[in-house]
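# Inside the fold
What follows is each chain in one-letter form.
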Amino acid sequence: RDEPDSVRVCRGGSGGGAVSGGHPVILALTGASGAPYGVRLLDVLARNRIATELIISSHGWRLLEAETGIIDDAGLKARTGGDWSSITVYPDDDRGARPASGSHRTCGMVICPCSMATVAAIAGGTSRSLVERAADVTLKERRKLVLVPRETPLSLIHLRNLVTVTEAGAVVIPAAPGFYHRPSTIDELVDFIVQRILDQLDIDIPLAPRWTG
């Protein structure tokens, strides 16, 4: 398949390469408030035919229903362009799935939104689910792990766990959009964060205005 215009996808973390030929991105949605961020990120990945391995926790599904009205794969697929030819879905309770192995090469992993319980599990290395195991594998293989937490206020436990995962190599992108581009819609606020996530994955898809000085 031809590469969509203006899209550049990492290949083993090095950048460049065709969309269809690069390693997949792992995208996980967990139970923190902020479902629109995860849905929009999946929408961008699907519409640009970027290979994506999708994992949604049980609390993530509950969140999707509460915040977006999405209750199943069909509803999520419809909300994200309808073409999932580049998307592979794995159940969160399948700890033997490909994302659980370090020998399965990926471009990195994003957990968006990322609950504080998930942060704690990653910090503790408990790996009780596929989301947690895939995150553990991403860190041990020295691949990019992007966590998008949405919690306020943050307790000392939260802060310490965020420091621990950062020291282990993760990148924490709080779901806290900027306002210097003078957003007028919720979609613009969502795209501000999704743009930062794409930047961390070395995927060039213009969504939000950049600061020009």
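### What about the nonpolar core?
Core analysis: the biggest nonpolar cluster contains 36 residues, and L54, V110, V148 and I197 have the highest contact counts within it. Those elements that place two or more of their residues in this core are β1 (25-29), α1 (35-47), β2 (52-56), α2 (58-68), β4 (108-114), β5 (145-149) and α7 (186-200).

### Some details on a nonpolar patch on the surface
Taken together, the side chains of L154, L156 and L159 make up a nonpolar region of the molecular surface, amounting to roughly 260 Å² of accessible area. With respect to the helices and strands, L154 occurs in the loop between β5 and α6 (156-167). Here L154 falls in the partly exposed class, since its relative accessible area comes to 39%.

### Overview of the environment of E151
Position of E151 relative to the elements: it lies in the loop between β5 and α6. A residue is classified by how much of its surface remains accessible, and E151, at 36% relative accessible area, is partly exposed. The spatial distance from the C-alpha of E151 to the C-alpha of A175 is 8.6 Å, given a sequence separation of 24 residues. In this structure, E151 is in contact with M116 and H158, ignoring residues within four places of it in sequence.

### Thoughts on the confidence of the model for the protein
Taken over all residues, the pLDDT of the protein has a mean of 91, while the share at 70 or more is 90%. In this model, residues 1-8 is a region of pLDDT below 50 whose contacts with residues beyond four sequence positions or in other chains number 26 contacts. Below pLDDT 50 for its whole length, residues 11-20 participates in 29 contacts with residues either more than four positions away or in separate chains.

### Observations concerning the state of the cysteines
In this structure the tally under the stated criterion is zero disulfides. C112 forms no disulfide, and the closest cysteine sulfur to it belongs to C114, at a distance of 9.1 Å. For C114, a relative accessible area of 1% translates into the label buried.

### Quick notes on the packing of helix α4 (residues 116-124) against α6
Packed helices, taken two at a time, are described by the angle their axes make and the gap between the axes. Axis separation between α4 and α6 bottoms out at 9 Å; the angle between their running directions is 50 degrees. Overall, the two elements α4 and α6 adopt an arrangement that is oblique. Note that α4 runs across α6; the crossing there is left-handed. Across the interface between the two elements, M116, V119, A120, I122 and A123 of α4 pack against H158, N161, L162, T164 and V165 of α6. Residue classes in the contact of α4 with α6 are distributed as seven nonpolar, three polar and no charged.

### Observations concerning the pairing of β5
By the criterion of burial, β5 is predominantly enclosed, with five of the five residues buried. Because side chains alternate across β5, one face comprises the buried residues L145, L147 and P149, and the other comprises V146 and V148, equally buried. Bridge analysis of β4 against β5 gives four bridges, and the strand direction is parallel. Across the sheet, the residue bridging to M109 is L145, located in β5. Pairing of β5 with strand β6 (residues 171-172) involves two bridges; the strand directions are parallel. Bridge pairing links V146 to V171 in β6.

### Considering the packing of aromatic side chains
According to the stated counting rule, one finds two aromatic pairs in the structure shown. With centroids separated by 5.7 Å and ring planes inclined at 70 degrees, the aromatic side chains of Y180 and F192 adopt a geometry described as edge-to-face. Pair noted here: Y180 is in the loop between β6 and α7 and F192 is in helix α7, with a separation of twelve residues, a long-range link. Exposure remark for Y180: the relative accessible area of 39% places this residue in the partly exposed category. Here the aromatic rings of Y180 and W211 are separated by 5.5 Å at their centres, their planes lie at 80 degrees, and the arrangement is edge-to-face. Of this pair, Y180 sits in the loop between β6 and α7 while W211 sits in the segment after α7, placing them 31 residues apart in sequence. The rings of Y180, F192 and W211 are connected pair by pair, giving a single aromatic cluster. Its guanidinium or amino end placed over the ring of F192, R196 lies 4.1 Å from that ring's centre, counting from NZ or CZ.

Reading the values: rules and limits
Residues numbered from 1 in each chain as written. Predicted model: local features only at pLDDT ≥ 70, side-chain atom pairs only at ≥ 80, totals over all residues. Heavy atoms only, no water. Core = buried A, V, L, I, M, F, W, Y, C linked by side-chain atoms within 4.5 Å. Buried < 20%, exposed > 50% of the residue type's maximum accessible area, 1.4 Å probe, protein only. Helix = DSSP H or I, 4+ residues; strand = E, 2+ residues; numbered from the N terminus. Patch = residues over 30% accessible without salt bridge, like charges linked within 9 Å, V, L, I, M, F, W, Y side chains within 5 Å. Areas by Shrake-Rupley, 256 points an atom, 1.4 Å probe, with all protein chains shown as cover. Salt bridge = Lys/Arg side-chain N within 4 Å of Asp/Glu carboxyl O. Contact = heavy atoms within 4.5 Å. pLDDT = per-residue confidence, 0-100. Disulfide = S-S within 2.5 Å. Axes fitted to C-alpha atoms, helices over the stretch in contact; angles between N-to-C directions. Parallel < 35°, antiparallel > 145°, perpendicular 65-115°, else oblique. Left-handed = near helix turned anticlockwise from the far one by under 90°. Nonpolar A, V, L, I, M, F, W, Y, C, P; charged D, E, K, R; others polar. Pairing = 2+ DSSP bridges. Phe/Tyr/Trp six-rings, centres within 6.5 Å; stacked < 30°, edge-to-face > 60°. Lys NZ or Arg CZ within 6 Å of the ring centre and 35° of its normal.

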